Amino acid sequence: MSKPATMRQMPQIAHVDVNCFYASAERAFDPSLEGKPVVVLSNNDGCAVTRSPEAKALGIPLGEPWFKLAPRAREWGLVALSSNYELYGDISARVMELLGRYSAWLEVYSIDEAFLGVKGTPEELLDLGRTTKAAVRRNVGVPVCVGIAGTKTLAKLANKWAKNNPAFDGVCHWDSVPAADRESLMRRLSVIEIWGVASRLTKRLNGLGIHSILDLSRADPVMIRDRFSVVMMRTVLELQGTPCIPMEEERIGRDQLIFSRSFATPITTAAGMRQVMSVYGQQASARLAKHGLQAKVLTAFAGTSHFNPKDTSYPSVCVPLPMPTADPVLLTRAAHAFLPHINEGIRYARAGIMVTDLRPTGNQAPLSLFENPHEERHVGTLLEDVTRRYGRGSIGLGHAGIRGGPDWTMKRDMLSPRYTTHWDELPLVKAA
């Protein structure tokens, strides 16, 4: 006699998400932040992009500019920190490596969340979720929530429920929750709460009388496909329990890479913009080399601030490269073709480059006449290796070889130590 469906080893998907990731990563090395309202700011210490639960309780909205929060920070006991990307990247890598021990299939979806392929009875899956949650907290020091279901969309929904309902203690197995409770939750939540549905889609769905997640789950998938897209039809099917979004071991097939940032101090000269383009050309080379890709087209662009109506300038240039390349010399030269388009004296607040028409390295071997000596010597790979070992700014080509950093680089006045990636900033433990 076969086992009942509830007792069989059913394949499921676990969605693991770090709670308030940036703030939690900071607290992992600075316990004094526990219980305090914490916000982590965007580039150039601009807006609050992460808020701890205590900061949310103060009514601080996501994206609130720091200059509006600063006057009341002391009154609230609010702690503001600059984005410590080095720390967050390393903490993320540690979390993902640990999660990989609990599943043969791991998809890293973003810096703070992942999907795992799991299998077991409801009791076994709940136990696995609790074990995973405890292991990440104990070994990495950050809190996570776990949602487990038969599809990715439902696993994300289960995670949201686990995070917002203390009764689950951070772990929710969708199929273990009574059907009436699941239906009640889906009836209460707007469709905008579902994975992949933004405000514009919400308005269109509302126009069809689809307001809640429960409404969407009961919609006709074919009608949704005809009115919207195949992607939206898959969401409906996933809400109905049919897996339609496969697990991806690695996200490949990038169409483009973009390197762009707002400046702490506006650029007003072609010489200053040459330095910017040199740095971005080198970064593009390193990223392409890391992923085994070459680019055929480079686009450079810049723009003034939207808050500066007096001077408006948004120049750009598209440069076809002579051959697919990841060579930092060729990419930098191509980026410099943008410089004649710069208007001296204009206060440029942002600039960047984009490389497109990407293809695998070696996919198209050039004729010997057009071989690039810099790529033959692996200059791009050398720069990436030195940068990884000694830090950004430790080496560069031409105008990008600037160890101290120019005054336009990102403003991070409230940066915490990069505890895990820089020798001179490692945390010290003193024995009593």
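Fair warning: this is a prediction, and the values are worked out from it, not measured in the lab.

Student: Can you help me understand the overall build of the protein in this one?
Tutor: Each helix and strand in the protein was counted, giving 15 helices and 13 strands. The buried share among the 432 residues of the protein stands at 45%. Here the analysis covers contacts within the protein between residues at least 6 apart in sequence; of these, 68% occur between residues at least 24 apart. For the protein, the computed accessible surface area is about 22800 Å², with 53% contributed by carbon and sulfur atoms.

Student: Would you mind showing me how to read empty space enclosed by the protein here?
Tutor: Space left empty within the atom packing is revealed by a probe, the size of a water molecule, rolled over the atoms. Overall, the coordinates contain one cavity of 30 Å³ or more when judged by the stated rule. Looking at the largest cavity, the residues that line it are Ala14, Val16, Tyr102, Leu116, Val118, Leu128, Gly129, Thr132, Val146 and Ile148. Class assignment of the residues belonging to the lining of the largest cavity gives a composition of eight nonpolar, two polar and no charged.

Student: Sorry, what's going on with the nonpolar core here?
Tutor: The nonpolar side chains of a soluble globular protein tend to be buried, and buried together. Met273, Met277, Leu288, Ile353 and Val355 are the most contacted members of the largest nonpolar core, which has 32 residues in total. Looking at this core, the elements with two or more residues in it are strand 9 (256-267), helix 12 (270-290), strand 10 (293-304), strand 11 (316-325), helix 13 (328-336) and strand 12 (348-356). With seven residues, helix 12 is the single largest residue contributor to this core. Among all residues touching Ile353, those that are not within four sequence positions of it are Leu257, Ile258, Phe259, Met277, Tyr280, Gly281, Ala284, Leu298, Thr299, Ala300, Phe301 and Ala335.

Student: What is the right way to look at helix 11 (residues 230-239) in this model?
Tutor: Residues that lie three or four places apart on an α-helix share one face, since the helix turns once every 3.6 residues. Within the sequence span of helix 11, burial applies to Met232, Met233, Thr235, Val236, Glu238 and Leu239. Gly241 sits one or two residues past helix 11 and shows a positive phi near 100°.

Student: Got a minute to help me understand the pairing of strand 6 (residues 113-120) in this structure?
Tutor: Successive side chains on a regular strand alternate, one facing one side of the sheet and the next facing the other. Most of strand 6 is tucked away, with six of its eight residues classed as buried. Across four bridges, strand 5 (residues 106-110) lies against strand 6 in antiparallel orientation. When the sheet's bridge partners are listed, Val108 is paired in strand 6 with Ala114.

Student: Just to check I follow, could you spell out the sheet that holds strand 2 (residues 38-41) for this structure?
Tutor: Picture the strands of a sheet paired through backbone hydrogen bonds; they go either parallel or antiparallel. Here we have three strands laid out as an open sheet, ordered 3-2-4, and mixed in their pairing. What marks the edges here is a single partner per strand, and that holds for strand 3 (48-51) and strand 4 (79-81). For this sheet, the mean inter-axis angle between neighbouring strands, taken without regard to orientation, is 30°. Across three bridges, strand 2 lies against strand 4 in parallel orientation. By the bridge assignment for strand 4, Val40 is matched with Leu81.

Student: Is there a simple way to explain the packing of helix 12 against helix 13 in this structure?
Tutor: Two measures define how a pair of helices packs: the angle their axes make with one another and the distance between the axes. Between helix 12 and helix 13, the shortest axis-to-axis distance is 8 Å and the interhelical angle comes to 140°. Here helix 12 runs over helix 13; the crossing is right-handed. The residues of helix 13 that touch helix 12, namely those facing Arg274, Met277, Ser278, Gly281, Gln282, Ala284, Ser285 and Leu288, are Pro328, Leu331, Thr332, Ala335 and His336. Class assignment of the residues belonging to the contact of helix 12 with helix 13 gives a composition of six nonpolar, six polar and one charged.

Student: Help me understand helix 3 (residues 66-76) in this model?
Tutor: Among all positions in helix 3, only Trp66, Leu69 and Ala73 are buried. End-on, the buried residues of helix 3 take up no more than an arc of 65°, which puts them together on one face. Along helix 3, exposed side chains directed more than 90 degrees from the buried face belong to Phe67, Lys68, Pro71 and Glu75. Considering only its buried residues, helix 3 is in contact with strand 2, strand 3 and strand 4. In the stretch just after helix 3, Gly77 is the one whose phi turns positive, near 75°.

Student: What should I look at first to understand the side chain of Thr50 in this one?
Tutor: For Thr50, the position within the fold is in strand 3. The contact partners of Thr50, leaving out residues within four places of it in the chain, are Cys20, Tyr22, Ala23, Val38, Val39, Val40 and Leu62.

Student: Can you help me understand unusual backbone geometry in this one?
Tutor: Leaving glycine out, the prevailing phi sign among residues is negative, and the prevailing peptide bond configuration is trans. Backbone geometry places Cys20, a non-glycine residue, at a positive phi of 40°. Within the secondary structure, Cys20 is located in the loop between strand 1 (10-18) and helix 1 (21-29). Phi is positive for Asp357, which is not a glycine, with a value near 55°. Here Asp357 lies in the loop between strand 12 and strand 13 (359-360).

Student: Looking at this model, I keep getting lost on the state of the cysteines. Mind explaining?
Tutor: Throughout this description, disulfide means a covalent bond between two cysteine sulfur atoms. Taken as a whole, this structure holds zero disulfides when the rule is applied. Residue Cys20 stays outside any disulfide, its sulfur separated by 9.7 Å from that of Cys145, the closest cysteine. According to the relative accessible area criterion, Cys20 is partly exposed, its value standing at 22%.

Student: Would you take a moment to explain the confidence of the model for the protein for this structure?
Tutor: Predicted coordinates in areas of low pLDDT are best not read in detail. Per-residue confidence for the protein gives a mean pLDDT of 84; residues scoring 70 or more make up 83%. Low pLDDT, under 50, characterises residues 1-7; the stretch is placed with five contacts to residues that sit more than four places away or in other chains.

Student: It is not clear to me how the pattern of salt bridges should be interpreted in this structure. Could you clarify?
Tutor: Close approach of charged atoms allows side chains of opposite charge to pair. Counted by the stated rule, this structure contains 14 salt bridges. Glu54 is the partner of Arg27 in a salt bridge, and the nearest nitrogen-oxygen pair spans 2.9 Å. Of this pair, Arg27 sits in helix 1 while Glu54 sits in helix 2 (residues 53-57), and the two are 27 residues apart along the sequence. Taking the shortest distance from any N to any O, the salt bridge between Arg101 and Glu97 comes out at 3.0 Å. In the salt-bridge network here, residues are joined through shared partners; they are Glu86, Arg418 and Glu425.

Student: Honestly, the environment of Pro322 in this entry has me stumped. Any pointers?
Tutor: Mapped onto the elements of the fold, Pro322 is located in strand 11. Judged by relative accessible area, Pro322 falls into the exposed class, the value being 65%. Remark: the alpha-carbon pair of Pro322 and Val297, spanning 25 residues in sequence, is separated by 8.9 Å.

Scoring rules and cut-offs
- In this convention, every chain numbers its residues from 1, walking through the sequence in written order.
- Local features are withheld for residues below a pLDDT of 70 in this predicted model, meaning they are given only at 70 or higher, and side-chain atom pairs are given and counted only at 80 or more; totals for whole chains, interfaces and linings count all residues.
- As a rule here, side-chain values come from all non-hydrogen atoms in the structure, and water together with hydrogens is ignored.
- Here a strand is any run of E in DSSP of at least two residues, a helix any run of H or I of at least four, and the numbering for each starts at the N terminus.
- Using a 1.4 Å probe on the protein chains alone, a residue whose accessible area is under 20% of its type maximum counts as buried, one over 50% counts as exposed, and one in between counts as partly exposed.
- Note on contacts: a residue pair is in contact if any heavy atoms of the two residues lie within 4.5 Å.
- To be clear on the numbers: accessible area is Shrake-Rupley with a 1.4 Å probe, and residue cover counts the displayed protein chains and nothing else.
- Only protein atoms enter the 1 Å grid, on which a cavity is a set of points fitting a 1.4 Å probe that cannot get out and a pocket is an open set with protein on both sides within 12 Å along at least 5 of 7 lines, lining residues being those with an atom within 4 Å of a point.
- Grid points are joined across faces, edges and corners, and a volume is the space filled by probe spheres set on the points.
- Note on residue categories: nonpolar means Ala, Val, Leu, Ile, Met, Phe, Trp, Tyr, Cys or Pro, charged means Asp, Glu, Lys or Arg, and polar means any other residue, Gly included.
- Side-chain atoms within 4.5 Å link the members of a nonpolar core, which is a set of buried Ala, Val, Leu, Ile, Met, Phe, Trp, Tyr and Cys residues.
- Strands qualify as paired when DSSP identifies two bridges or more between them.
- Only the stretch in contact is used when a helix axis is fitted, and all axes are lines through C-alpha atoms; the angle between N-to-C directions ranges over 0 to 180 degrees.
- With the far helix as reference, a near helix turned anticlockwise by less than a right angle produces a left-handed crossing, and one turned clockwise produces a right-handed crossing.
- The directions considered for the arc are those from the helix axis to the C-beta atoms.
- Cysteine sulfur atoms that come within 2.5 Å of each other are treated as a disulfide pair.
- A residue's pLDDT is the confidence the predictor assigns to it, expressed on a 0 to 100 scale.
- The rule for a salt bridge is simple: a side-chain nitrogen of Lys or Arg has to be within 4 Å of a carboxyl oxygen of Asp or Glu.

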